[in-house]
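One-letter residues, chain by chain:
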Amino acid sequence: MNFCFDIDGPIIDVSDRYYRAYLESLKGYDINKDKVLSKEAFWILKQNRVSELEISLMVGLSLKEAKSSGDTRKDLNFKFENLYFDKLFDDVIKTFDYLRSNYISYFVVTLRSRKELNFAIKQFKLNKYLDEDYIFPFDEDSKIQNDIQGKYSLIYNGMNKLALNSLDTWIIGDSDTDIHAGRLARCGKVIGITRGMRSKEQLQILQPDYIVNNLSEVLSLANTVH
């Protein structure tokens, strides 16, 4: 058994970054401040696929203003300097230590660029766990038709480079892209994790093999199923 992890969601908590982008995107508008969402309320909407436009309309913006605010927020979400607001989930180091001590292979895939991925590895001091042989970021020079195809290529390349059998590979992801790409790559198990971009209810629609709340549950599941 071996594991493939998406970075944002399973490994890195991006909710602060997205919420700060939300607050920043509302600046300069005449809004009803009582209707500005709390982080918890905002993240619930994001996880349940409520659009940027709908979220902007909730504070009393006109349709034109809401579209502009939503577009601004999309840009801010992925602005390089905003990556500083990301956090590492508490169970990540413990999980990587367990996998290494039990000689279980793992690798990570992400649609982040190599520069963005290397920033995260340095930011969270993950060099010990994620060296160049086990990271597969998005190649900005490559041409992909869509995110699913791009993520599938990363998963496939990872398994191929590390000589891993797809049927022995479990992928842990938090989004539609991860679930569909994992199936396309014929991963043995496709696991949805609820602490990223999709809620439990949204993941249930996608029907992964298992749904978990954290990485500790992944390890418990692996010990039970394997």
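Here, the structure is the one placed above.
Rules of the game
- Residues numbered from 1 in each chain as written.
- Predicted model: local features only at pLDDT ≥ 70, side-chain atom pairs only at ≥ 80, totals over all residues.
- Heavy atoms only, no water.
- Core = buried A, V, L, I, M, F, W, Y, C linked by side-chain atoms within 4.5 Å.
- Buried < 20%, exposed > 50% of the residue type's maximum accessible area, 1.4 Å probe, protein only.
- Helix = DSSP H or I, 4+ residues; strand = E, 2+ residues; numbered from the N terminus.
- Contact = heavy atoms within 4.5 Å.
- Axes fitted to C-alpha atoms, helices over the stretch in contact; angles between N-to-C directions.
- Parallel < 35°, antiparallel > 145°, perpendicular 65-115°, else oblique.
- Nonpolar A, V, L, I, M, F, W, Y, C, P; charged D, E, K, R; others polar.
- Pairing = 2+ DSSP bridges.
- Right-handed = clockwise from strand over helix to strand, strands pointing away.
- Salt bridge = Lys/Arg side-chain N within 4 Å of Asp/Glu carboxyl O.
- Polar contact = N/O pair within 3.5 Å; in protein donor to acceptor, adjacent residues only side chain to side chain.

**Student:** How would you sum up the nonpolar core? Please name residues and give values.
**Tutor:** In this structure, Phe3, Phe5, Ile11, Phe96 and Leu130 are the most contacted members of the largest nonpolar core, which totals 46 residues. The dominant element in this core, judged by the number of residues it contributes, is helix α10 (residues 215–225), at five residues. Excluding residues that lie within four positions of it along the chain, Ile11 makes contacts with Phe5, Asp6, Lys87, Leu88, Phe89, Val92, Phe96 and Leu215. In terms of nonpolar packing, the next biggest core, distinct from the first, is built from 17 residues, Phe107, Val109, Ile155 and Ala181 among them.

**Student:** Explain the packing of helix α5 (residues 92–101) against α10 to me, using residue names and the numbers behind them.
**Tutor:** At a minimum axis distance of 9 Å, the contact between α5 and α10 shows a crossing angle of 30°. Taken together, the axes of α5 and α10 lie roughly parallel to each other. On α10, the residues that touch Val92, Thr95, Tyr98 and Leu99 of α5 are Leu215, Leu219 and Asn223. Classifying every residue of the contact of α5 with α10 gives five nonpolar, two polar and no charged.

**Student:** Account for the pairing of strand β5 (residues 135–138), with residues named and values stated.
**Tutor:** Looking along a regular strand, one sees the side chains alternate between the two faces of the sheet. Pairing analysis gives three bridges linking strand β4 (residues 106–113) to β5, with the strands arranged parallel. Bridge pairing in β5 links Val108 to Ile135. Each parallel crossover has a hand, and for β4 linked through helix α6 (residues 114–123) to β5 it is right-handed.

**Student:** Which residues make up unusual backbone geometry, and what are the values?
**Tutor:** In this structure, Tyr103 takes a positive phi of about 55° despite not being glycine. Structurally, the position occupied by Tyr103 is in the loop between α5 and β4. With a relative accessible area of 76%, Tyr103 lands in the exposed category.

**Student:** So what's going on with the pattern of salt bridges? Residues and values would help.
**Tutor:** For the structure shown, the criterion picks out 17 salt bridges. Of the charged contacts, one joins Lys46 and Glu52 as a salt bridge, the two residues approaching to 2.8 Å between their closest N and O atoms. On the basis of relative accessible area, Lys46 is assigned to the buried category, the value being 11%. A relative accessible area of 10% means that Glu52 is categorised as buried. We note a salt bridge from Arg114 to Glu132, for which the minimum N-O separation is 2.8 Å. Pair noted here: Arg114 is in helix α6 and Glu132 is in the loop between α6 and β5, with a separation of 18 residues, a long-range link. Overlapping salt bridges bring together Asp8, Arg17, Asp86 and Arg112 as one network.

**Student:** So what's going on with the environment of Asp75? Residues and values would help.
**Tutor:** Examined against the element boundaries, Asp75 turns out to sit in helix α4 (residues 63–77). Classification of Asp75 by relative accessible area gives exposed; the value is 58%.

**Student:** Outline the pairing of β4, supporting the account with residue identities and numerical values.
**Tutor:** In terms of residue burial, β4 counts as a mostly covered element, since seven of its eight residues are buried. For strand β1 (residues 2–6) and β4, the ladder comprises four bridges, and the chain directions are parallel. When the bridges of β4 are listed, Phe3 appears paired with Tyr106.

**Student:** How would you explain the side chain of Ser15 if you had to name every residue and give the values?
**Tutor:** Examined against the element boundaries, Ser15 turns out to sit in helix α1 (residues 15–25). One polar contact links Ser15 to Asp13, side chain to side chain, over a distance of 2.7 Å. The contact partners of Ser15, leaving out residues within four places of it in the chain, are Lys39 and Trp43.

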